[in-house]
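Notes for the structure review
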Amino acid sequence: MKIKNFIRQYKLEFSFIIFLVSFAVFLMLFLRMDIDYFWHYRAGEYMVENSTILTQDVFSWSLFHASWISHEWLFEIFIYELSCLFGNSHLFVYTFSISLCILLFLFFVQKKEYFKNIPFSLLWISFFALIFTCLSGRPQLLSFLFLAISIWIIFFYFYHPNSKLLWVLPVINLVWVNIHGGSSNLLYLLCFFTAFCGLFQFSYKKIESIRLKKKQIITYLIVGILCMLTIIINPHGITMLFYPYQNMGDSLMLSTIAEWQPTNLNQLSHYVYFAFVFLVLIIMIFSREKIRFLDAMFYILFLYLGLKSIRFWFFSYIAFSLFIFYYIPERKVDKYSCTLILIFSFLLLCIFCKNFSYSKIMSNTTLSDNAISVLKEEKPKRLFNYYDYGAYLIYRNIPVFIDGRADLYSKRIYEDYQDISRLQYKFIDLIDKYKFDYFIIPKKSGLFSYLKSNSKYCLIYYDKKCAIFKTK
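These numbers come from a predicted model, not from an experiment. (Residues numbered from 1 in each chain as written. Predicted model: local features only at pLDDT ≥ 70, side-chain atom pairs only at ≥ 80, totals over all residues. Heavy atoms only, no water.)

A short note on the sheet that holds strand β1 (residues 202-204)
Which entries qualify depends on this criterion: Here, any two strands with at least 2 DSSP bridges between them count as paired. Counting from the N terminus, the helices are DSSP H or I runs at least four residues long and the strands are E runs at least two residues long.
Strand order in the open sheet formed by three strands is β1-β2-β3, and the pairing between neighbours is mixed. Because the sheet does not close on itself, it has two edges, and the strands there are β1 and β3 (291-292). Pairing of strand β2 (residues 207-209) with β3, which is carried by two bridges, proceeds in the parallel orientation. Across the sheet, glutamate 208 pairs through a bridge with arginine 292, a residue of β3.

Structure representation (structure tokens):
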């Protein structure tokens, strides 16, 4: 009887949790084999087998033993160890568990807000799938979880000055910087940013601001400084403090790497993000509640980041998730709400079961086994490879000219690679400079046409994905 009463009392919570689990399962339909996963995996394997942390390149012939900032070293060890535990299912385990953790965390820290308006809550969760751009075996997923926890703690302390939770942030950042160092700098910036927002007290039309106590502002600043100091505690030391800014200031990488591209009105697929941020703005403006200055400032900050690069879209979703429900009007919970939520859950699971194929995801590599066999037999010493092929070649233990570690190659050979692959001015001189003995490139490329028409090179293999040339 007690169990029945307990279930009856919390049936809405149970129904929502079931929905979130079903939604996380449904998200796995968008799981993809990202090309960078392969070199992450191989780096993790190398570090475990050699009991070392990589600070030099060991996978290319072009920059062998050049210094390399492996700012994701802990993730790489983690993903390799996960594969040892779960075999080929490790990618599913990783992406599903972290996605579910993000969904559950956002739900539990503001459960009452979610239940204020069930239809809107379901709509908001649907944006999770639309904005999610990184459902793959990469460390960004963990960064999303760290960001969600961190922003919630920052907000919580803003309105609960007696809380001690803010002091947890340096510990989070210590783990974050070693799992995905490129994003960990955001935490101390958010602490300083929040301290700045707490300096003002005013009420102007729709916007309202409260001034923090002096102790709170000092605490934000001290925790921010501690977060800066924890960034230094990594295999690369103080370099990690400047690493993200160096990358974001690299015009060559910004212009050529897809995930770093700015949000663009000329791209139809980008309209999802524009619709999303516009919806949030409209909700805040037309809400009965005053717009809190802190929320407005976080909206502007993450809108700027999202417009600057599509890689920050989901950062915006996380930040907005932690204040948007405050502006949603309360709606009476319908007696059929639980039933409808469970029906939606069932439909999501049915869609997943009908369309999901994990073996197809795992087999979706950039190169065929036949192409790899040819390279293994030929044993090239100075292979020119297409950028997107590099990670899988590393995975198959073939030394590369270039791969997805653009930060390693950027100041050294990345521009030369771009000139060769695009047949830019003096590309022939560059080919001679590097003395390539083999080439593996897409069939639909200008370089393919050039090599095929040149008697110096012999086509020894081709398939639907690539062609291999040998220098005579």
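After presenting the structure, the write-up continues.
So, the layout of surface pockets
Counted only if it meets this: With a 1 Å grid spanning the protein atoms alone, the term cavity applies to any set of points in which a 1.4 Å probe fits but cannot get out, the term pocket to an open set with protein on both sides within 12 Å along at least five of seven lines, and the term lining residue to any residue with an atom within 4 Å of a point. Grid points are joined across faces, edges and corners, and a volume is the space filled by probe spheres set on the points. Just so you know the grouping, Ala, Val, Leu, Ile, Met, Phe, Trp, Tyr, Cys and Pro go in nonpolar, Asp, Glu, Lys and Arg go in charged, and all remaining residues, Gly too, go in polar.
In this model, the second largest pocket occupies a volume close to 360 Å³. What lines the second largest pocket is a set of 13 residues, among which Val109, Gln110, Glu113, Arg292 and Leu322 lie closest to the centre. The element best represented in the lining of the second largest pocket is helix α8 (residues 140-159), accounting for four residues. Among the residues forming the lining of the second largest pocket, the class breakdown is nine nonpolar, two polar and two charged.

Some points on the sheet that holds strand β7 (residues 467-471)
Quick reminder of the rule: Working convention: axes come from line fits to C-alpha atoms, limited for helices to the stretch in contact. Angles between N-to-C directions cover 0 to 180 degrees. Pairs of residues are marked as contacts when any of their non-hydrogen atoms sit within 4.5 Å.
Spatially, β4-β5-β7-β6 is the arrangement adopted by the four strands of the open sheet, whose pairing is mixed. With partners counted over all chains shown, the strands left at the sheet margins are β4 (383-385) and β6 (457-462), one partner each. Across the sheet, the mean angle separating the axes of adjacent strands is 20 degrees when strand polarity is ignored. Taken together, the five bridges between β6 and β7 define a ladder with antiparallel strand orientation. The residue of β7 that forms the bridge with leucine 459 is phenylalanine 469. Running at roughly 135 degrees to β6, helix α20 (residues 369-378) makes contact with β4, β5 (438-441), β6 and β7 of the sheet.

Overview of the packing of aromatic side chains
For clarity, the cut-off: Here the aromatic set is Phe, Tyr and Trp, taking the six-membered ring for Trp, and pairing holds for ring centres within 6.5 Å; pairs whose planes are under 30 degrees apart are stacked, those over 60 apart are edge-to-face, and all others are tilted. Note on geometry: a ring has a charge over it if NZ (lysine) or CZ (arginine) is within 6 Å of the ring centre and within 35 degrees of the ring normal.
Under the defined criterion, the tally for this structure stands at 80 aromatic pairs. Sitting over the face of the ring of tyrosine 326, arginine 292 holds its NZ or CZ atom 3.8 Å from the ring centroid. One cation-aromatic arrangement involves arginine 405 over tryptophan 68; the distance from NZ or CZ to the ring centre is 4.8 Å.

Let's talk about the pattern of salt bridges
For the record, the criterion: Any Lys or Arg side-chain nitrogen found within 4 Å of a carboxyl oxygen on Asp or Glu counts as a salt bridge. Each residue's exposure class comes from its accessible area (1.4 Å probe, protein chains only) as a fraction of the maximum for that residue type: buried when under 20%, exposed when over 50%, partly exposed otherwise.
Tallied over the entire structure, the rule returns twelve salt bridges. With a closest N to O distance of 1.8 Å, glutamate 45 and arginine 42 form a salt bridge. A residue pair is termed a helical-turn pair when its members lie 3 or 4 positions apart in one helix, as glutamate 45 and arginine 42 do in helix α3 (residues 36-50) at three residues. Note on glutamate 45: relative accessible area 15%, which makes it buried.

Considerations on the side chain of asparagine 247
By the secondary structure assignment, asparagine 247 is in helix α13 (residues 239-248). Those residues within four positions of asparagine 247 in sequence are excluded, and the remaining contacts are Met253, Leu254, Trp260 and Asp407.

Points about the pairing of β5
Both faces of β5 are covered, namely the face carrying Tyr438 and Ile440 and the face carrying Phe439 and Ile441. Sheet analysis places β4 next to β5, joined by three bridges and oriented parallel. Residue asparagine 385 lies in a different strand from β5, and its bridge partner there is isoleucine 440. Relative to β7, β5 runs antiparallel, the two sharing four bridges. Across the sheet, isoleucine 441 pairs through a bridge with alanine 467, a residue of β7.

Quick word on the packing of helix α2 (residues 11-27) against helix α7 (residues 118-131)
Using the following cut-off: An angle counts as roughly parallel when it lies under 35 degrees, as roughly antiparallel when it exceeds 145, as roughly perpendicular when it falls between 65 and 115, and as oblique in every other case. For any pair of crossing helices, the crossing counts as left-handed if the nearer helix is rotated counterclockwise from the farther one by less than a right angle, and right-handed if it is rotated clockwise.
The N-to-C vectors of α2 and α7 enclose an angle of 20 degrees; their axes lie 11 Å apart at closest approach. Between α2 and α7, the angle is such that the two are roughly parallel. By crossing handedness, the relation of α2 to α7 is classed as right-handed. Counting all contacts with α2, which are made through Leu12, Phe16, Phe19, Leu20, Phe23 and Leu27, the residues of α7 involved are Ile118, Ser121, Leu122, Ile125, Ser126, Phe128 and Ala129. Grouping the amino acids of the contact of α2 with α7 by side-chain chemistry returns eleven nonpolar, two polar and no charged.

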